[in-house]
Amino acid sequence: MQLILSAGSILAIVLWGLLSPDSLRDVFNEALAFITHDFGWLYLWVVLSLVILAVYLAFSRYGNMKLGNEDDEPEFSVGAWFAMLFAAGMGIGLVFWGVAEPISHYGTAPPGIAANTPAAANAAMRYSFFHWGLHPWAVYSIVALAIAFFQFRRGGAALISTSIEALPWRAAKHSAIVVNVLAVIATAFGVAASLGIGALQINSGLNALFGLPVSDTSQVAIIAITTALFVTSAVTGVERGIKWLSTINLILAGLLALAVFVIGPTVAIIDTFTNTLGSYLSEFVRMSLRMTPFSEGGWVGGWTIFYWAWWVSWSPFVGLFIARVSRGRTIREFIIGTVLAPTLAAFVWFSVFGGTALYLEIWQSVPLTEAVKGDVSTALFTMFNALPFGTLMSGVATVLVMVFFVTSGDSATLVLGIMSTGGNPNPPNKVKVMWGVLVAGIAISLLLAGGLKAVQTATIVFALPFTVVIMLMAYSLWRAIREDWLVEQKQEKLLRKKMRALTTPPEAAS
C-alpha cells in the first residue's frame, strides 16, 4: 500500500511536470508564496529546537547509551562511516554552493547590509556557515537518532513511523501509512532537488572543459546517464557500492580543497575562517530566528527557509541511511559524528572556496558576481579559471559532482526502497530501479518547469508537512531515551546490590 500510494503520487507529479510544466510552475509558486509568508517562522523554530536537543543529548547523562545491545560493535570504521554520511548528507550541495553562495550574498546582501561592501563579504561568509553548519546536521542527526534508537534498542522496523507509533496517543498508532508516505514524498523531492542542482553543475563543468552546450537537452542527458550509474551502484549494496564511492569522493574533495588552499590566498583563507567562526558564534541566535516582518523582500525565504526546507526534505533519506550504518555507537559518539564533525568540515570547505572567491572578486577584480547573476552553476569554474591549474581543478570538480550524484542517488534508492517496502533493510533490486527512475523523472520535470527556482520551490512545498512529523519524532525520542535510561539505572542498581551481596562475608551481613 505504501509503495502504491507514494510511487503513484510522485508519478502523477512527474507526468504533470512533463506534460504541462507552466501549470506545475504556477501552482508551486502560489504554494511557495503562502508557505514562506505564513509558515516561515515554523521552519526557524523547529530547526533551532533540534539543534538545542542534539547538543543537550550529546553532553547529557544520556550520552553513553548505546544504539543497540551493550555488546554491539560498529559495522564500519569511523572514516568509512563519516565518508558515507557526508556524501549522502550534502556532497553535491557543498560543491555547487561553495563559491556560489558567498558570492551571491556579496552581490545581493542580506537585508540591512549594502551589497558589494566589506560588510556584505563578512555577512556572506557568516550566512554560508549558518546555512551549512549546526542546523542542517542537527535535523539529520535527530531524525537518524530516532530511527536508530527505536530500530536497534527496541526492535522496531527501519521506518519513520516506528518512532511516531511509540507516542501514547491513539491517533499516532494509526498514522503509519500517512507518515511513511509523507516521508517518501519529501525524500523523493529533496533528493531530486540535489540531483537537479548536480545536473546543472555537471553541465557547466563539461561546458568549461569541452564546450558542451548549457541546455535542457544536455541536463536531461546528464541525469539519464548518471541515473544509470547510481542505479547500478545501488544494486551492488552498501558494503561495496556506496561505501567505496563515498570514501573515494571524500578523498577527492579533500585533495581539491587542499589544492585551492595552497594555490589560492592561503593567509586570507585562514583569516576568513577565524573571523567567520567568531561572527557565526556571536550572531547564532539572531540568525536562527531572523524574519523580516517590517520590510518587503524575499531574501530570508529564498535562502534560509529554502535551506531549512531542503534539510527537512532530505532528513528521512539521510536519517534512515545514517541509522542503517550506525548500529553500535553511543548517542554521544553518534551526535558528535553527525553534527559537530561535518559542521567543522563544512566551515573549512566554505572558508577555502568562498574565502578564495571573495578574495578574487574584491582584490583581483575577477567577475564572479557577474558570473553568478548570469548562471549560478558557473561560479566554481569561473573561480578556477582565475587560478593556476584551473582546467585540472575544473575536471576534478566535475568528477566530484558526478560521484556525489551517484552516491546521493544510490543512497536514496536504497532508503526509498526501505521505506516503501515496510522497512525491509534489503529491498528488491526492481524496487530500487523503480525509485531511481522516478527520482530522475522528478529532477527532469522540475528543471523543465523552471530550472533551479522550480527545484527550490518544490522542496519548500513538500517539506512543510514533514516538519510536523519531525516534531513528533523528536518528542517521541526524548520520551524513549528517558524511559530506557531509567530502566538501565534500575538494572545497574539491582546488579550492584547483588554484587555487594555476593562479596559481603556472611558475618558482616549478619
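Every value quoted in this text rests on a predicted model; they were computed, and no experiment measured them. (Residues numbered from 1 in each chain as written. Predicted model: local features only at pLDDT ≥ 70, side-chain atom pairs only at ≥ 80, totals over all residues. Heavy atoms only, no water.)

Enquirer: Hey, could you go over the side chain of Arg126 for me, with residue numbers and the actual values?
Expert: Mapped onto the elements, Arg126 comes out in helix α4 (residues 118-132). One buried charged residue, Arg126, remains without a salt bridge, the closest side chain of opposite sign being Glu283 at 4.9 Å. Residues contacting Arg126, with those up to four places away along its chain left out, are Ile113, Thr276, Ser279, Tyr280, Glu283, Arg286 and Met287. (Helix = DSSP H or I, 4+ residues; strand = E, 2+ residues; numbered from the N terminus. Buried < 20%, exposed > 50% of the residue type's maximum accessible area, 1.4 Å probe, protein only. Lys, Arg positive; Asp, Glu negative; His and termini not counted. Salt bridge = Lys/Arg side-chain N within 4 Å of Asp/Glu carboxyl O. Contact = heavy atoms within 4.5 Å.)

Enquirer: Explain helix α11 (residues 266-282) residue by residue, including any values.
Expert: With 17 residues, α11 ought to run about 24 Å at 1.5 Å a step, and its terminal C-alpha atoms sit 25 Å apart, in line with that. Within α11, the full set of buried residues consists of Ile269, Thr272, Thr276, Ser279 and Tyr280. Taken around the axis of α11, the buried residues stretch over an arc of 105 degrees, which confines them to a single face. Among the exposed residues of α11, those pointing more than 90 degrees away from its buried face are Val267, Thr274, Leu281 and Ser282. (Expected span 1.5 Å × (residues − 1). Arc of directions from axis to C-beta.)

Enquirer: Go over the packing of α4 against helix α13 (residues 299-324) with me, naming the residues and quoting the values.
Expert: In a pair of packed helices, the angle between the axes and the distance between the axes together describe the arrangement. Their axes nearest at 10 Å, the elements α4 and α13 cross at an angle of 25 degrees. The angle between α4 and α13 falls in the class roughly parallel. Here α4 contributes Tyr127, Phe130, His131 and Trp132 to the contact with α13, which in turn contributes Trp299, Trp303, Thr304, Tyr307, Trp308, Trp310 and Trp311. (Axes fitted to C-alpha atoms, helices over the stretch in contact; angles between N-to-C directions. Parallel < 35°, antiparallel > 145°, perpendicular 65-115°, else oblique.)

Enquirer: A description of the packing of aromatic side chains should follow, citing residues and the corresponding values.
Expert: Within this structure, the stated rule accounts for 31 aromatic pairs. Aromatic pair Tyr56 and Tyr62: ring centres 6.5 Å apart, planes at 65 degrees, arrangement edge-to-face. Judged by relative accessible area, Tyr62 falls into the buried class, the value being 2%. Here the aromatic cluster, defined as three or more aromatic residues joined through ring pairs, consists of Phe96, Trp97, Trp132, Trp137, Tyr140, Trp303, Phe306, Tyr307, Trp310, Trp311 and Phe350. When the ring centre of Trp81 is taken as reference, the NZ or CZ atom of Arg329 above it lies at 4.1 Å. (Phe/Tyr/Trp six-rings, centres within 6.5 Å; stacked < 30°, edge-to-face > 60°. Lys NZ or Arg CZ within 6 Å of the ring centre and 35° of its normal.)

Enquirer: Residue-level account of the nonpolar core, with values.
Expert: Of all hydrophobic cores here, the largest spans 175 residues; its most connected members are Trp97, Phe353, Met383 and Phe384. Looking at this core, the element that brings in the most residues is helix α18 (residues 429-503), giving 26 residues. Excluding residues within four positions of it along the chain, Phe353 makes contact with Gly98, Val99, Leu256, Ala257, Val260, Leu380, Met383 and Phe384. (Core = buried A, V, L, I, M, F, W, Y, C linked by side-chain atoms within 4.5 Å.)

Enquirer: Pulling in residues and values, what's your account of the environment of Asp22?
Expert: Mapped onto the elements of the fold, Asp22 is located in helix α2 (residues 21-59). A relative accessible area of 45% places Asp22 in the partly exposed class. Remark: the alpha-carbon pair of Asp22 and Leu448, spanning 426 residues in sequence, is separated by 9.1 Å.

Enquirer: So, a nonpolar patch on the surface: which residues are in play, and what are the values?
Expert: Taken together, Leu11, Leu15, Leu18, Leu19, Val220 and Leu448 make up a surface patch of nonpolar side chains, about 520 Å² in accessible area. Per-element accounting of the nonpolar patch gives the leading share, four residues, to helix α1 (residues 2-19). Secondary-structure assignment places Val220 in helix α9 (residues 216-234). (Patch = residues over 30% accessible without salt bridge, like charges linked within 9 Å, V, L, I, M, F, W, Y side chains within 5 Å. Areas by Shrake-Rupley, 256 points an atom, 1.4 Å probe, with all protein chains shown as cover.)

Enquirer: With reference to specific residues and values, describe the environment of Gly301.
Expert: Position of Gly301 relative to the elements: it lies in helix α13. With 264 residues separating them in the primary sequence, Gly301 and His37 have C-alpha atoms 8.2 Å apart. In this structure, Gly301 is in contact with Phe306 and Ile460, ignoring residues within four places of it in sequence.

Enquirer: Which residues make up the pattern of salt bridges, and what values do they have?
Expert: Applying the stated criterion to the full structure yields 10 salt bridges. Residue Arg479 pairs with Glu483 through a salt bridge whose shortest N-O separation is 3.6 Å. With Arg479 and Glu483 both in helix α18, this residue pair falls four residues apart, about one helical turn. Overall, the relative accessible area of 22% leaves Arg479 in the partly exposed class. Within the structure, one salt-bridge network assembled from shared partners comprises Arg153, Arg154, Arg479, Glu483, Asp484 and Glu488.

Enquirer: Could you give me a rundown of the packing of helix α8 (residues 176-210) against α9, with the residues and numbers involved?
Expert: For the pair α8 and α9, the least separation of the axes is 9 Å and the interaxial angle reads 115 degrees. Overall, the two elements α8 and α9 adopt an arrangement that is roughly perpendicular. In the packing of α8 onto α9, the handedness of the crossing is right-handed. Note on element contacts: α9 touches α8 through Ser218, Gln219, Ile222, Ile223, Thr226 and Phe230, opposite Leu195, Ala199, Leu200, Ile202, Asn203 and Leu206. Across the contact of α8 with α9, the residue classes break down as eight nonpolar, four polar and no charged. (Left-handed = near helix turned anticlockwise from the far one by under 90°. Nonpolar A, V, L, I, M, F, W, Y, C, P; charged D, E, K, R; others polar.)

Enquirer: So what's going on with the side chain of Thr276? Which residues, and what values?
Expert: Here Thr276 shows up in helix α11. Looking at Thr276, the relative accessible area reads 2%, which means it is buried. Side-chain polar atoms of Thr276 contact the backbone oxygen of Thr272, separated by 2.6 Å. Aside from chain neighbours lying at most four places away, what touches Thr276 is Met125, Arg126 and Phe129. (Polar contact = N/O pair within 3.5 Å; in protein donor to acceptor, adjacent residues only side chain to side chain.)

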